[in-house]
Amino acid sequence: MEYSRKEGSGEILVKVITPSCDDAYDYVFKLGACVFISSASCRDYDWVVVYDDFPRKDMGSVVGELEKLACPQSHTILVTQEPPSIKLYPACYVRQFEYVLTTHSPEVMPHPRHLYGEGSLHWQAGYSLEEAFSMPDYAKTKEISTVCSAKQMRHTEHHNRFSLVSYLAKHLPEMDWYGRGVKEIACKAEALGPYKYHVAVENCIAPYHWTDKISDPLLAHCLTFYAGDPRLGEILPPESFIPIPLHDPEEALRIIREAVANNEYEKREPYIKEARRLMIGRYNFYRQVERVILGHDETKAWHRREHGELAGRHRLRRNPLNMLRQSYDFSCYRLRTRLFGEKTVHGGEKVVKLSDGLGNQMFQYAFAKLLEKYCPGQVKLDVGWFPEFGGRLRCATPRSYALGQFRLSLPVVEPAHTTRLVYGSLLPGLWRSLHLRRNLYKERDLYLTEQSLTSLPRVSVLRGFFQKAAFAEPVRAELLRDFVVDNSTLDEANRAMLERIAAAGDGAVAVHVRRGDYLNPKNSAVFGVCPPEYYAEAERRLQERVDAPLHLFIFSDDPDWVEQNYATDLPFTCVRVNTVENPVQDLNLMRHCRHAIIANSTFSWWGAWLMEHPQRVVVAPRLWAERNPEARGILPQDWLRV
């Protein structure tokens, strides 16, 4: 099937290669800016996605399990299909790709761009792509069904799954049992559409691994009794399915009977619809791939070759060295799982190092809270950078630990603890002098997205600024609760200023003028001071969007300059109640304003971001990201850029 790219459309063409790739059944599917093309003959594409493996027979441009790339090698994605208990993917095969969407753990499948591919498997319900994305509700005329083949292999959960379903079928005569070797069906939708309830059991039970066993019944609007991914309730509404134990058939039977008797299907319909919406809108093969493509940063690509080639697993295995390595990895995996079982939880410890000024400390703390949300194990803070904890400042501007004035919910560890994690307990001074570190990861060396956080090593010490709005938004509720100052402890001057801000009502605007260390030639080359023209244009944009009369509350590390040089026709108050050594109190005053004009400063970024006024308007300088590439992504989408 040929597809002609529309000139100037901005379309991203994505070629999808699968083991069953066949030009007789190819398709073109548009999703946002991405156009997915399954034709093996396609040579006009921007990205290549390989689903599991290459076809064994020659198809189109895939000849001898080899695809000569028509795109950069950094634009390649592997999506694995099977769990490690069924199939291990050789390292020589995996490292060809820039990204790997997988349910294998980083220990089993190490890769610099390892991403847990939640829901990245194809649906098997027999729906076309268009039907799945515009699926109607079903008329439910039957009670309960299950789809389970007669397979009973013991190296996976197939045997236990068959035993559980056999027990349920014996005691639940109203349950219709479909599957290969039991009751064959032409399309899986026949076993889902008419039924209210469905029993689904995965053949591998591990965190982040879930398949069409749960996605298909949710798409068909069934309430599913599910034995599978123990963390599924973290990404889907927990009420949208009912967990059942795999190894306790009597308890599973009790749960099913009780739910059916209580008409749980009718009670949980809104949650099922929400789960189905998430499944279609976020957790599926195409959405997962789209997120990776749109989040790609070419400047941080792992593969640097402009053009290359991708080879299939079987082709690579012809090399004796690759065969030996694969056999070795397979033997180690089997021995490890036989001795210790499958790893089901990646615990461990994540330590985030805090440094620099208040705004940077808050970004680092926000990232730590994000880790706590998505990563099992303990998340802690290290404050060894600051002089009061023994650190040696490596910057010209004096800094101190400022987060202690907030009600933080993460523990702080002793710097010696972090030193042991990085340099070990034996002769740490020697390893430090030789620069032999372990467990230490810098932000610029990691591919950090919400999707990749679960792939971080079990023990990690993380250093960086983490200045991304996307890191703070998922934990906004927690940060609003943690970054709170007890107003009862405020001095008289701060209380009086809070009253003046409250009196200004909806017209209270926090304005930040950052000078100080930004006047340093080294800093000015990167950041630069916002010019008077910026503040004049920002005031004009605010006046267009805010009906109330504006009153500016100007915060600055150089208030004398502000009083003498800041030009405005609006009434303003230069806030001088706190010194630069006490920035938390100024931040507390800023967040109580209704709107903000910020400088290119993380301090005023947080002052604006913490505002809870529902109609807040925030104006930010466009030059921030233009002059500092590391600050890309720092500004939320709804903030005005001037």
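Higher on the page you've got the structure.
Structural notes, computed from the coordinates. (Residues numbered from 1 in each chain as written. Predicted model: local features only at pLDDT ≥ 70, side-chain atom pairs only at ≥ 80, totals over all residues. Heavy atoms only, no water.)

1. Section: the pattern of salt bridges
Where charged atoms from two side chains of opposite charge come close, those side chains can pair. With the rule as written, the count across this model stands at 32 salt bridges. In this structure, the salt-bridge partner of E258 is R254, at a minimum N-O distance of 2.9 Å. Pair noted here: E258 and R254 are both in helix α5 (residues 249–261), with a separation of four residues, about one helical turn. Given the relative accessible area of 43%, E258 is considered partly exposed. For R254, a relative accessible area of 40% puts it in the partly exposed group. (Salt bridge = Lys/Arg side-chain N within 4 Å of Asp/Glu carboxyl O. Helix = DSSP H or I, 4+ residues; strand = E, 2+ residues; numbered from the N terminus. Buried < 20%, exposed > 50% of the residue type's maximum accessible area, 1.4 Å probe, protein only.)

2. Here's the deal with unusual backbone geometry
Of note, the phi angle at N439 is positive, near 65°, even though the residue is not glycine. Its identity is not glycine, yet F466 carries a phi of approximately 55°, on the positive side. Residue position: F466 is located in the loop between β19 (459–463) and α14 (469–472). Note on F466: relative accessible area 1%, which makes it buried.

3. Focus: the packing of helix α11 (residues 358–374) against helix α21 (residues 602–609)
Contact geometry for α11 and α21: axes closest at 7 Å, N-to-C directions at 60°. Taken together, the axes of α11 and α21 lie oblique to each other. The interaxial crossing formed by α11 with α21 has left-handed handedness. Counting all contacts with α11, which are made through L358, G359, N360, M362, F363 and A366, the residues of α21 involved are T602, F603, W605 and W606. (Axes fitted to C-alpha atoms, helices over the stretch in contact; angles between N-to-C directions. Parallel < 35°, antiparallel > 145°, perpendicular 65-115°, else oblique. Left-handed = near helix turned anticlockwise from the far one by under 90°. Contact = heavy atoms within 4.5 Å.)

4. Structural notes on α5
Counted at 1.5 Å a residue, the expected span for α5 with its 13 residues is 18 Å, and the 18 Å between its end C-alpha atoms agrees. Residues of α5 that are buried in the fold lie against β9 (142–147), α3 (158–171), β11 (195–201), β12 (223–227), β13 (241–243) and α6 (264–267). (Expected span 1.5 Å × (residues − 1).)

5. Re the packing of α3 against α5
With their axes 10 Å apart at the nearest point, α3 and α5 run at an angle of 50° to one another. One finds that α3 runs oblique with respect to α5. With respect to the hand of their crossing, α3 and α5 are arranged in right-handed fashion. Note on element contacts: α5 touches α3 through P249, E250, A252, L253, I256 and R257, opposite L164, Y167, L168 and H171.

6. Thoughts on the sheet that holds β19
Sheet architecture is open: five strands sit in the order β17-β16-β15-β19-β18, paired in parallel fashion. The open sheet terminates on both sides in strands that have one partner only, identified here as β17 (412–413) and β18 (440–442). α11 contacts β15 (349–353), β16 (378–382) and β19 of the sheet and is inclined by roughly 170° relative to β15. The sheet contacts of helix α12 (residues 415–423) involve β15, β16, β17, β18 and β19, and relative to β15 the element is tilted by about 115°. (Pairing = 2+ DSSP bridges.)

7. Concerning a nonpolar patch on the surface
On the surface, a cluster of nonpolar side chains totalling about 310 Å² of accessible area is made up of L426, L427 and L430. Position of L427 relative to the elements: it lies in the loop between α12 and α13 (428–433). (Patch = residues over 30% accessible without salt bridge, like charges linked within 9 Å, V, L, I, M, F, W, Y side chains within 5 Å. Areas by Shrake-Rupley, 256 points an atom, 1.4 Å probe, with all protein chains shown as cover.)

8. Digging into helix α4 (residues 212–219)
Within α4, eight of the eight residues are buried, leaving the element largely enclosed by the surrounding structure. Among all positions of α4, only D212, K213, I214, S215, D216, P217, L218 and L219 are buried. Among the residues trailing α4, H221 stands out with phi positive, at a value near 65°.

9. A look at the packing of aromatic side chains
Within this structure, the stated rule accounts for 30 aromatic pairs. With a centroid separation of 4.9 Å and 90° between ring planes, the pair formed by F285 and Y286 is classed as edge-to-face. As far as burial versus exposure is concerned, F285 and Y286 are alike and both buried. A ring pair is formed by W385 and F386, whose centres lie 5.1 Å apart and whose planes are at 85°; its orientation type is edge-to-face. For W385, a relative accessible area of 17% corresponds to the buried category. One residue, R476, lies across the ring of W609, its end atom 4.5 Å from the ring centre. (Phe/Tyr/Trp six-rings, centres within 6.5 Å; stacked < 30°, edge-to-face > 60°. Lys NZ or Arg CZ within 6 Å of the ring centre and 35° of its normal.)

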